[in-house]
Amino acid sequence: MTAIAARPNPLRGLPVRLRRGSTIMWLVCAVLLIALVPPIVDGGKTLFLQRLFDCLNNGAVYSVTAIALVLIFKATTLINFAQANIAMFGAYLCWQFAVKSGWPVWMAIIAAMAIMAVAGAGIERVLIRPFDPSDHLPVVLITFGLAAILEAFAGGIWGTEFLKFPSPFPAQAKDRYTIGGAFLRYETVGTLIMMVVMLAAVFLILKRTKIGLAFRAVSSNVESARLVGVRTGRTLQFGWALAAALSVLGATLVARQTNLDPAFMAKLVIFAFAAATLGGLDSIGGSVIGAFVVALVQSMLTGYGQEIPGLSWLKSNFALVVAFVLIMVVLLFKPTGLYGTRRIERV
Amino acid sequence: MSAVVFSQRGRAPLLTFREGTGQHRIYQTVGWAFLVVPLLVLPYVLPSFRVAQLAQCAAWAVAILGMNMVIGWSGLISLGHIAFVGLGAYTTMILINYDRFDLWMTLPVAFVICFLFGALVGLPALKIRGLYLALVTLALAYTFPILLKIDQAGIAKHTGGDNGRTLTEKTQPMGWARSLLHLNGRNGPTQVAIYKYFIMVLIAAVCFLLMRNILKSRAGRAMIAIRDNPIGAAVSGVPLSRQKVLIFALSAAFAGIGGSMMAVVLDSVGPTTFGFTYAILTLMGLVLAGVGTLHGCWLGGLFVVFLQDLAPRLVKDVPFVDLKVIYAEALYGIVLVLVPFLMPRGIVAFARSIKGRLIRVIPAVPRRVEGAVPGLAPTPARAELGTTVGLGQ
């Protein structure tokens, strides 16, 4: 009943995981490709490329947010329902520094990330650590309540109207490459590069530093980690801080396109949930892939839905429904996601 | 015997009753009177808008009853029951507006639709352990208002999209109800408010009774066993996966009944009543009042309605700080954060512990229990919570 498979050997961890996910991944890719043929034939290559470029940005942002969720889930099997609003609050802080105080955008982003990382560590210490992580209800209530508090405070401090957010990258109309007639904005490229850098940083931290090793030990087995002298509380605190910083970065990267309002990340986080579920809630690499698949599906569905007769009701917010259905389907057929370890316990 | 078994720390209680005696029966009757008499008297005393609010409380209480079934009694976590409440409300609205149904006839339909929908949503997440149900239901809470606005297949036309719809047929007291409830001689709105109030209280009472019986039935015991010890429950022959889906579907159905009631109380439905704020509010009402208790459900209903009234005022009256109304929403969040720290079992459990100090009921010895060890009779608190004794706790 409680089929707990042993984790693969960490030395060979990556190839094994890749192998396991690959069959399904190819299937998903094949289905996506087949689904993409009619629109390419129908709407032309340029339009298709444009839609593809559109999804890259979202994919990057979803993946950063999804990684933040995965980091906490990996270590504690908890889902931080306040993640979106921590990110939102960080984006508002960044706006405060960049627009109100006139700091350079980059400095503002880093400052906001640092502040929210400290806040994340504080939240873990004060609100989360007193509770037993295997008892889910208190932690869910606390993170859910925290989300409400942060949203209310952001609305109270900065107002509920949309605010314009400065872009950290050149974002004029002319700042773009033209590839095959489609426009690839510098912003998109910048976001992608940022994502890759962040991803590399997370991997390096997890694989090459002492605290990263401790974090992996804790996510593998809390009791054993504690036995060999890992300070589990502090390690989890580090995970929360890292997750908060990452999600703030994601929020600041996307805020220019969505504009700032107290609920802007709450809408996006469902896509991040979908991405993480698809990729595997305890797999960082998987959630990145999941993020891009979700973004691709979203971009294609809402993009082409307008033009295909009979699908005109596919408005942009319908993508949320798609994300919801995706979560359901993944949980129904492959609850571990594409690259998650088989630690899921069926009941 | 009892003196030995129940000698506990602290002072002796003020009152002690032996279960089954006349005194105990009087005590029970007085206790129920404290609940029932205000229910009957209040609508005639309060202004009509308060009566309407109380009717809303009854509707929310039934919705929270559904939530409690999942969160309280089976230990699963659902954040999106508000979507089922909405589904029930919209079902009732559409049936009344388009098919000329009566309120009473819409209830079973809403029940069945929400049951099926709940089973559909619960099916994937309930097969695996962990927070997946919370994840799925949260996504559902976000998605539901959007589903209402799809302008395909006449959905948006029927639901009214962003604005919602009003019920074309308003509930009016009939002749016999007027004389029964002593409504004659009152003005129109008051009559309607009181009439609706009594209908809602009646439906809610039936739902509470149903839930009480479910809890004492095989399914209810299974539910609590799943919460307390899933492995033990499985060993004892509870089919975990099927039972969980059944429970979730049933709880969705209860939430749907709450939604139907809501639609009739408000005479209108709109997406905001079933949006995210209310997901937070109902959860807060439930956990503050008491997770896993029947009394917590109606108390939670009261909280949902009256904290909305109270919160802006509370926030405004904070001295020295100029706080906007928007912080009222923060208050709900603060309550959610504080409850696990200060009152993890909610107000009802807190009140019970106080009551336990003052009043003690000595349970009657069970009539026939095979191999019963003297002194192992369940204490009243345990019996009501249904904690499975002896399942490896």
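Please read these numbers as outputs of a predicted model, since none were measured by experiment.

## Observations concerning the packing of helix α5 (residues 136–158) of chain A against helix α15 (residues 327–342) of chain B
In contact at an axis separation of 7 Å, α5(A) and α15(B) are set at 155° when each is read in the N-to-C sense. Here α5(A) lies roughly antiparallel to α15(B), going by the angle between them. The crossing of α5(A) and α15(B) is left-handed. When α5(A) is examined against α15(B), the residues Pro138(A), Leu141(A), Ile142(A), Phe144(A), Gly145(A), Leu146(A), Ala148(A), Ile149(A), Ala152(A), Phe153(A), Gly156(A) and Ile157(A) are found in contact with a partner set consisting of Tyr327(B), Glu329(B), Ala330(B), Gly333(B), Ile334(B), Leu336(B), Val337(B), Pro340(B) and Phe341(B). Partitioned by chemical class, the residues of the contact of α5(A) with α15(B) number 17 nonpolar, three polar and one charged.

## Some remarks on the interface of chain A and chain B
Facing 50 residues of chain A, the contacting portion of chain B comprises 49 residues. Summed over both partners, the interface of chain A with chain B buries about 4,500 Å², with 82% contributed by carbon and sulfur atoms. If you look at where chain A meets chain B, you find zero residue pairs in polar contact (both at pLDDT 80 or more). If you list the elements that add at least two residues to the side of chain A that touches chain B, you get α4 (105–128), α5, α10 (264–279) and α12 (318–333) of chain A. Among the elements that take part in the side of chain A that touches chain B, α5(A) stands out by supplying 16 residues, more than any other. In terms of residue class, the side of chain A that touches chain B is made up of 37 nonpolar, ten polar and three charged.

## Focus on the confidence of the model for chain B
All names here are of chain B. Confidence along chain B averages 82 in pLDDT terms, with 86% of residues attaining 70 or more. Every residue in residues 1–7 scores below 50 in pLDDT, and together they form nine contacts with partners more than four places removed in sequence or on other chains. Counted against residues more than four places away or in other chains, residues 380–393, with its pLDDT under 50, gives 24 contacts. Overall fold confidence for the complex sits at a pTM of 0.85, while the interface term, ipTM, reaches 0.83.

## Quick notes on the side chain of Asn85(A)
All names here are of chain A. Within the fold, Asn85 resides in helix α3 (residues 83–100). A polar atom in the side chain of Asn85 sits 2.7 Å from the backbone oxygen of Ala147. Here Asn85 is in contact with Ala147, Ala148, Leu150, Glu151, Pro262 and Ala266, once residues within four sequence places are set aside.

Rules behind the numbers
Residues numbered from 1 in each chain as written. Chains lettered and ligands numbered in written order. Predicted model: local features only at pLDDT ≥ 70, side-chain atom pairs only at ≥ 80, totals over all residues. Heavy atoms only, no water. Axes fitted to C-alpha atoms, helices over the stretch in contact; angles between N-to-C directions. Helix = DSSP H or I, 4+ residues; strand = E, 2+ residues; numbered from the N terminus. Parallel < 35°, antiparallel > 145°, perpendicular 65-115°, else oblique. Left-handed = near helix turned anticlockwise from the far one by under 90°. Contact = heavy atoms within 4.5 Å. Nonpolar A, V, L, I, M, F, W, Y, C, P; charged D, E, K, R; others polar. Buried area = accessible area lost by both parts, 1.4 Å probe. Polar contact = N/O pair within 3.5 Å; in protein donor to acceptor, adjacent residues only side chain to side chain. pLDDT = per-residue confidence, 0-100.

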